[in-house]
Amino acid sequence: MGAILEIKHVSKFFGGLAANSDVSFELAEGMIMGLIGPNGAGKTTLFNCITGYYPPSRGEVIFKGRKMNGLEPNKVCKLGMARTWQKVRPLAKMSVLDNVMVGALCRTNSLKVARDIALEQLKVVRLDRKADFLAGGLPIGERKKLEVARVLATRPQLLLLDEVMGGLNPAESEEIIQLILDIKKHGITQMVIEHDMKAIMRISDRIVVLNSGEKLAEGSPEEIVANQAVVEAYLGSEH
Amino acid sequence: MKTILNKLGNNRGFSPVAISLWIAALAGLALFPQFVDNPYALHVMILFFLSTIMGESWNILGGYTGQYSVGHAAYFGVGAYTTMMLMQYRQIPPWLGMWAGVAVVMVVALVIGSICFRLRGPYFVLASIAVAEIMRLCAVNLKDLTNGAEGILATEIPPFKIGATVVTDFLSKVPFYYIGLSFAVLTIVATMLVQHSKLGYYFQAIREDQDAAHALGISLSFHKNVALLLSAGFTSLAGSFYAIYVGFIDPPTVLALDISVQIVLICIIGGIGTIYGPVVGSLVLVPLSEALRSNLIAQGIFKLGLASEESGVGVFLKENLAHAHALIYGILVVVVILFMPDGVLGFARKLFTARNRGNA
Ligand SMILES: Nc1ncnc2c1ncn2[C@@H]1O[C@H](COP(=O)(O)OP(=O)(O)OP(=O)(O)O)[C@@H](O)[C@H]1O
Ligand SMILES: [Mg+2]
């Protein structure tokens, strides 16, 4: 299978700080790519560069063979790439259902169709009972689920999940893991940022490790666990 | 028909109660001039309609889309000026001129939008104020076009005819009453249609979180500009209506910062981003401003015996309360923001639901 996403020599500078420097890798269609690295390694920055939140300072992002540099986030979403936010961004004064409908309206002009899609996505993340609640009032675990339901409603081919398990209890995390595996079964490619090593090893087909903005290693979960540099730079800092 | 009603109602459709209320209110308002011919009562009603139109117009951009423009005087004034200039200098009747006003205002709005929408939050607010001030200065200084600070006086409004029959000669307040009522209903219905459409969902998403909305496939520039065009177009109608009703405009009365602030206050006091917020805001503000104008507050204090008319305090109140508009508005806004962050309407809803819960 071909690469759905190619990241070529991407760098991003904030003043003098290189939050990403010369990062390159490819994502094969249908796989789950884990993106790990210590705090401040540049994972979220890379997501921002890929989805057009801001353009990379150097390098290019190629999605489905198309160069994405400078494309606005809404166009990127329309092309089939959607992301969640590490710091969740619920549309607070709208209902849970309305939040997901906003996502669904990316593919339809009909409120009725959007409502059906949204209800279906809410069922998938088991949030349908809270459909009429205000999004701003949900506890963190449910806000994370809402993020996922909302991007799924945009019918993406590539899904970028930024720490959707952060702050969740083990039961909730397990639910999300099952959800991610389910999404994979539907043929949606995913890139997942996660600090929970057990989870990331379980779900990922491949893993890229970032450290201080640079790509430190790339490989299968087994290769990454056995990689001495990774153990020192990343795992070593935690254990 | 049913789908139209569904669109007009809330998410669950238009309830029979809401339909009945609407019909009753419309019938009452339509018959009002048949039973009341007191010109002052009609005048206050016309001001109420005008205020509602202005509030509903701002609400589309400020309330639903979250772009707090404090420069809507620009659209109000440009609409008013276009209509008046066409009538006085080109003999184009106002019921045609006001649509030209809408067109001119929309062009102006697109220019303003392209400048201001690059900015967010307080910077957008400041830019909107600045641009409106530029429009005011243009009106003051482009004397050949606008007659500068002297303003424009409507010498005569041509009678409105269909064929050879004169429908109205605009000599009484009644035609203005019905025009105001129609425009107020028009803006309310437009707001309902917006709220229950894809556009409304996108506007509100932008209000809640621009970046999240952007990432969900919403073009920020396109939707902000659509909201602005709708909002500015309706504000322009309000301006034209005001100009023809009062018969005189000059820069301080239609292009001043006062107007911009007034428009925002209608919504803040009633409830931002709700269909009926501006109606409620107008119900509070119009009587208040009339009471201040005719010194009703001082009279009331004397009647209640809180102070005597001859005492030093009484004389002070009598002389100053009528001119204390700004102060009293200021106090009102502070009270509303502190105690009713969702406006009077939001506050009433909360009281209502709390009471219902208490009963259950
Ligand atoms: N907008 C910005 N302006 C300046 N510096 C930034 C900006 N965004 C990120 N940074 C810096 O870039 C570096 C990478 O940040 P980033 O958020 O990408 O890390 P991360 O890998 O996602 O970390 P975490 O695991 O904590 O989420 C950090 O040093 C951060 O302080
Ligand atoms: Mg991060």
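Note that this is a predicted model, so its numbers are computed, not measured.

K.L.:
Just checking my understanding: could you explain empty space enclosed by the protein for this structure?
P.N.:
Empty pockets left among the atoms are what a rolling probe the size of a water molecule brings to light. Residue and element names in this part refer to chain B. For the structure on display, the rule yields three cavities of 30 Å³ or more. Its volume calculated, the largest cavity comes out at about 80 Å³. Around the largest cavity sit 15 residues that line it, and Ser-69, Tyr-75, Ile-112, Ser-128 and Leu-228 are the ones nearest its centre. Listing elements by their share of the lining of the largest cavity, those giving two or more residues are helix H4 (73-90), helix H5 (94-116) and helix H6 (121-141). No other element matches the four residues that H6 contributes to the lining of the largest cavity. The residue makeup of the lining of the largest cavity, split by class, is 10 nonpolar, five polar and no charged.

K.L.:
What am I meant to see in the packing of helix H9 (residues 198-208) of chain B against helix H11 (residues 220-246) of chain B here?
P.N.:
Two numbers describe a pair of packed helices, the interaxial angle and the distance between the axes. All names here are of chain B. It is at 10 Å that the axes of H9 and H11 come closest, and there the two elements cross at 110°. Between H9 and H11, the angle is such that the two are roughly perpendicular. Across from Leu-199, Tyr-202, Phe-203 and Ile-206 in H9, the residues of H11 making contact are Leu-220, His-223, Lys-224, Val-226, Ala-227 and Leu-230.

K.L.:
Got a minute to help me understand the coordination of the magnesium ion (ligand 2) in this structure?
P.N.:
Metal coordination angles have textbook ideals: 109.5 degrees for a tetrahedral set of four donors and 90 or 180 degrees for an octahedral set of six. Residues and elements named next belong to chain A. Protein coordination at the magnesium ion (ligand 2) comes from Thr-44 (OG1) and Gln-86 (OE1), with a distance range of 1.9 to 2.1 Å. On the criterion of sequence distance, the pair formed by Thr-44 in helix H1 (residues 43-51) and Gln-86 in the loop between strand E6 (81-83) and helix H3 (96-104) is long-range, its members being 42 residues apart. A residue is classified by how much of its surface remains accessible, and Thr-44, at 25% relative accessible area, is partly exposed.

K.L.:
Is there a simple way to think about the domain arrangement of chain A in this case?
P.N.:
By a widely used convention, the size of an interface equals the accessible area lost when the partners come together. All names here are of chain A. The assigned domain composition of chain A is domain 1 (1-80 + 157-239) and domain 2 (86-155). The C-alpha centroid of domain 2 is placed 24 Å from the C-alpha centroid of domain 1. Contacts between domain 1 and domain 2 engage 19 residues on the former and 16 residues on the latter. Both faces combined, the contact of domain 1 with domain 2 buries some 1400 Å², and carbon together with sulfur accounts for 63% of it. Summed over the three residues of domain 1 that lose the most area to domain 2, namely Lys-78, Glu-175 and Leu-179, the buried surface amounts to 30% of that side. Scanning the region where domain 1 abuts domain 2 turns up one salt bridge. Close ionic contact of Lys-145 with Glu-175 constitutes a salt bridge, the shortest N to O distance being 3.0 Å. The tally of links between domain 1 and domain 2 comes to six residue pairs in polar contact (both at pLDDT 80 or more).

K.L.:
Before we go on, may I ask you to explain the layout of surface pockets in this structure?
P.N.:
Residues and elements named next belong to chain B. Looking at the second largest pocket, its volume works out to about 770 Å³. Every residue lining the second largest pocket is counted, 26 residues in all, and those nearest its centre are Tyr-242, Ile-259, Gln-262, Ser-289 and Arg-293. When residues of the lining of the second largest pocket are traced back to their parent elements, those giving at least two are helix H3 (39-64), H11, helix H12 (251-254), helix H13 (257-270), helix H14 (277-293) and helix H17 (325-339). The element best represented in the lining of the second largest pocket is H13, accounting for six residues. Here the lining of the second largest pocket is composed, by residue class, of 16 nonpolar, seven polar and three charged.

K.L.:
I tried to follow the side chain of Thr-189 of chain A on my own but got confused; where do I start?
P.N.:
Residues and elements named next belong to chain A. Locating Thr-189 in the fold gives a position in strand E8 (residues 189-193). Given the relative accessible area of 0%, Thr-189 is considered buried. Excluding residues within four positions of it along the chain, Thr-189 makes contact with Ile-4, Leu-27, Ala-28, Glu-29, Gly-30, Met-31, Gln-157, Leu-158 and Leu-159.

K.L.:
What am I meant to see in the sheet that holds strand E10 (residues 214-219) of chain A here?
P.N.:
Pairing between the strands of a sheet comes from backbone hydrogen bonds, and it takes one of two forms, parallel or antiparallel. Residue and element names in this part refer to chain A. Spatial ordering of the open sheet is given by E6-E7-E8-E3-E9-E10, a layout of six strands whose pairing is mixed. At either margin of the open sheet sits one strand with a lone partner, and together these are E6 and E10. The sheet shows a mean angle of 15° between the axes of neighbouring strands, direction not considered. One ladder, built from five bridges, connects strand E7 (residues 158-162) with E8; its direction is parallel. Residue pairing in the sheet places Leu-159 in a bridge with Gln-190 of E8. The strands touched by helix H6 (residues 170-185) are strand E3 (32-36), E7 and E8; relative to E8, the strand with the most contacts, the crossing angle is about 155°.

Rules of the game
Residues numbered from 1 in each chain as written. Chains lettered and ligands numbered in written order. Predicted model: local features only at pLDDT ≥ 70, side-chain atom pairs only at ≥ 80, totals over all residues. Heavy atoms only, no water. 1 Å grid on protein atoms, 1.4 Å probe; cavity = no way out; pocket = protein on both sides within 12 Å on 5 of 7 lines; lining within 4 Å. Points joined across faces, edges and corners; volume = space filled by probe spheres on them. Helix = DSSP H or I, 4+ residues; strand = E, 2+ residues; numbered from the N terminus. Nonpolar A, V, L, I, M, F, W, Y, C, P; charged D, E, K, R; others polar. Axes fitted to C-alpha atoms, helices over the stretch in contact; angles between N-to-C directions. Parallel < 35°, antiparallel > 145°, perpendicular 65-115°, else oblique. Contact = heavy atoms within 4.5 Å. Donors = N, O, S within 2.8 Å, 3.2 Å for Na, K, Ca; no water. Buried < 20%, exposed > 50% of the residue type's maximum accessible area, 1.4 Å probe, protein only. Domains from an automatic or database assignment. Buried area = accessible area lost by both parts, 1.4 Å probe. Salt bridge = Lys/Arg side-chain N within 4 Å of Asp/Glu carboxyl O. Polar contact = N/O pair within 3.5 Å; in protein donor to acceptor, adjacent residues only side chain to side chain. Pairing = 2+ DSSP bridges.

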